Protein chains: 2
Amino acid sequence: MDPISFAAATMLEPGTAAGQFTARVSPDWTIGGKPNGGYLLAMLGRAAVAIGTHPHVLAASAHYLHSPEPGPVTIDAETLRAGRSASQVRARMVQDGQPCVEALFTTSLLEAGTKPHWDAGMPRPGSSPRQDCLRLPGHAPNGLAVTIMDQVDLRLEAATAGFAAGRPAGLGELRGWLELLGDEPFDPIALLYAVDALPPATFDIEMTGWVPTLQLNVYVRALPVPGPVQLTQTAQLIEGGLVDEDCFVWDSDGRLVAQSTQLAGIRLP
Amino acid sequence: MDPISFAAATMLEPGTAAGQFTARVSPDWTIGGKPNGGYLLAMLGRAAVAIGTHPHVLAASAHYLHSPEPGPVTIDAETLRAGRSASQVRARMVQDGQPCVEALFTTSLLEAGTKPHWDAGMPRPGSSPRQDCLRLPGHAPNGLAVTIMDQVDLRLEAATAGFAAGRPAGLGELRGWLELLGDEPFDPIALLYAVDALPPATFDIEMTGWVPTLQLNVYVRALPVPGPVQLTQTAQLIEGGLVDEDCFVWDSDGRLVAQSTQLAGIRLP
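Residues numbered from 1 in each chain as written. Chains lettered and ligands numbered in written order. Predicted model: local features only at pLDDT ≥ 70, side-chain atom pairs only at ≥ 80, totals over all residues.

Visitor: Looking at this structure, I do not really get the relation of the copies chain A and chain B. What am I missing?
Guide: One copy of the chain maps onto the other through a rotation about an axis plus a displacement along that axis. With an axial shift of 0.0 Å and an RMSD of 0.0 Å, the rotation relating chain A to chain B amounts to 180°. The superposition of one copy onto the other is thereby described by a two-fold rotation axis. Among all residues of chain A, the minimum C-alpha distance to the rotation axis is found for S61(A), at 3.2 Å. Mapped onto chain B, 100% of the interface residues of chain A again fall at the interface, so both copies present the same surface. (Least-squares fit on C-alpha atoms with pLDDT ≥ 70 in both. Contact = placed C-beta atoms within 7 Å.)

Visitor: Sorry, what's going on with unusual backbone geometry here?
Guide: A negative phi holds for most residues other than glycine; trans holds for most peptide bonds. Residues and elements named next belong to chain A. Residues other than glycine seldom take positive phi values, yet D183 does so here, at roughly 60°. For D183, the position within the fold is in the loop between β12 (173–180) and α3 (188–194). For D183, a count of 8 C-beta atoms within 10 Å corresponds to the exposed category. (Helix = DSSP H or I, 4+ residues; strand = E, 2+ residues; numbered from the N terminus. Buried ≥ 20, exposed ≤ 12 C-beta atoms within 10 Å, placed from the backbone.)

Visitor: Teacher, can you tell me more about helix α2 (residues 37–51) of chain B here?
Guide: Residue pairs spaced three or four apart in an α-helix point in one direction, given the helix's 3.6 residues per turn. Across its 15 residues, α2(B) extends 22 Å between first and last C-alpha, which sits within 8% of the 21 Å expected from 1.5 Å per residue. In terms of burial, α2(B) is largely enclosed, as 13 of its 15 residues are buried. (Expected span 1.5 Å × (residues − 1).)

Visitor: What is the right way to read the nonpolar core from this model?
Guide: Side chains of a nonpolar character, in soluble globular proteins, are inclined to be buried together. In this structure, L44(A), A194(A), V249(A), L44(B), A194(B) and V249(B) are the most contacted members of the largest nonpolar core, which totals 172 residues. Residues in contact with V249(B), not counting those within four places in the same chain, are L191(B), A194(B), V195(B), V229(B), L231(B), V257(B) and A258(B). (Core = buried A, V, L, I, M, F, W, Y, C linked by C-beta atoms within 7 Å.)

Visitor: What exactly am I supposed to notice about the interface of chain A and chain B here?
Guide: Reports of interface size often rely on the accessible area that becomes lost once the parts have come together. Every contact between the two is made by 44 residues of chain A and, on the other side, 44 residues of chain B. Elements with a minimum of two residues in the side of chain A that touches chain B: β5 (56–64), β6 (71–82), β7 (86–95), β8 (98–108), β9 (116–119), β13 (213–220), β14 (229–239) and β16 (256–265) of chain A. Per-element tally for the side of chain A that touches chain B: the top contributor is β14(A), with 5 residues. Looking at the side of chain A that touches chain B residue by residue, the classes come out as 20 nonpolar, 16 polar and 8 charged. Two strands pair when backbone bridges link them, and β9(A) and strand β14 (residues 229–239) of chain B are joined in this way by 3 bridges, in the antiparallel orientation. Residue pairing across strands places D119(A) opposite L237(B), the latter belonging to β14(B). (Nonpolar A, V, L, I, M, F, W, Y, C, P; charged D, E, K, R; others polar. Pairing = 2+ DSSP bridges.)

By themselves, these are just geometric observations and shouldn't be taken as functional.
The structure is reproduced here in structure tokens:
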């Protein structure tokens, strides 16, 4: 079967009302039958940009209410403020009358070719060349079907892939490379998915079931050049059944293009 | 003049419709006449908890549309989903018909006495005892009136306070202690303010004017014990007129109780 491109998996059709869209959550972009949180945020981001006057998502904040099933959904987007240099938009995804995700966006124009003015304390991209990394298969070590891995090329550095063989490094960090198939380039919308593309960084500590994203916050910092992106995801603190994870995304020029923080539920064995 | 307590500065009155509240942005909780972004988020958080069935804010995401003037505002809160273990609420602040801040909240019950299960890579609290730190006065080095400093006791470690004398350390990190006056204890709502209480961490790199918060994302990780909290705020990347800053908050037992990320505008000299 041909892969379902990111563009096709996040395609919106105009709905019946202003700011309304219909879309289809793809069964081929799921983990254990559940759509990826970043993938859903990307669909909302597409709606946010479609109704606005600014072309790029700068900041996106999603709160997850209910995981939709693969199939049709409705997206409603509303401009909260249309400004000169930035605008704010609210978008929500509903399935069968049930709200699934609500998100706020700040949109703007990201200029090509900006340069970091100052930078400190950021993680650095992993050092393993892409060809030395291990591509993740369509099944997780715990047996879960991960259909999304047949639609993208996601590779982990060997040093952080020990969990797949039952030997997590214990550092709570995963590093790797992500490529959309068919040379599909990353844009700010695709970066909203990229920040949530890696398996939970907690797998590098201990293997658990699904680590559902409760909240995901993303900043797009620059326009990526074409090519695969490098990802590093780090768990910081597990407490009270919750974990926070940071993700950083660099383009193939080694430039930081996106960063995120998420809060996820974790059921310890 | 007696200080205006945090409870008084964030007090809500029931409005005319369900989920509606009126409040007053205090002129005494401002920086250069502008209310602090975390203070505004705390007011919205109070509304989110007031209409829901869960007592604590777990995650809060605010997008700032327009800075309100000190004076009356209206807050509208709506439950997006009322769940068993967590709920989601949207809240917005409007002044004279103009939307100022919109935020999404995930609320839950934070159990007292939880313990970290795993923790790595987090910053650690600063090491200077509170009595050795320098209390910030009601005026910034650039002459701006910071009335909020008369309502709280915010102290910086000497090593990170060099900017006030024109000698920033160049690390983009501020560390200090925050206490509410009159022994007012921190609760999860007050932590929404605490994460934004420090001056911009960019002051430790170069002095600029106002660094307005565009987006603020907060996770409350645990219930704080009574007493002052310790704060560390770090700038990561300045690019394209924007900076992201992380803040971590520890209670007086040294326990991480809140963490945040914000995206702010910065106008370089």
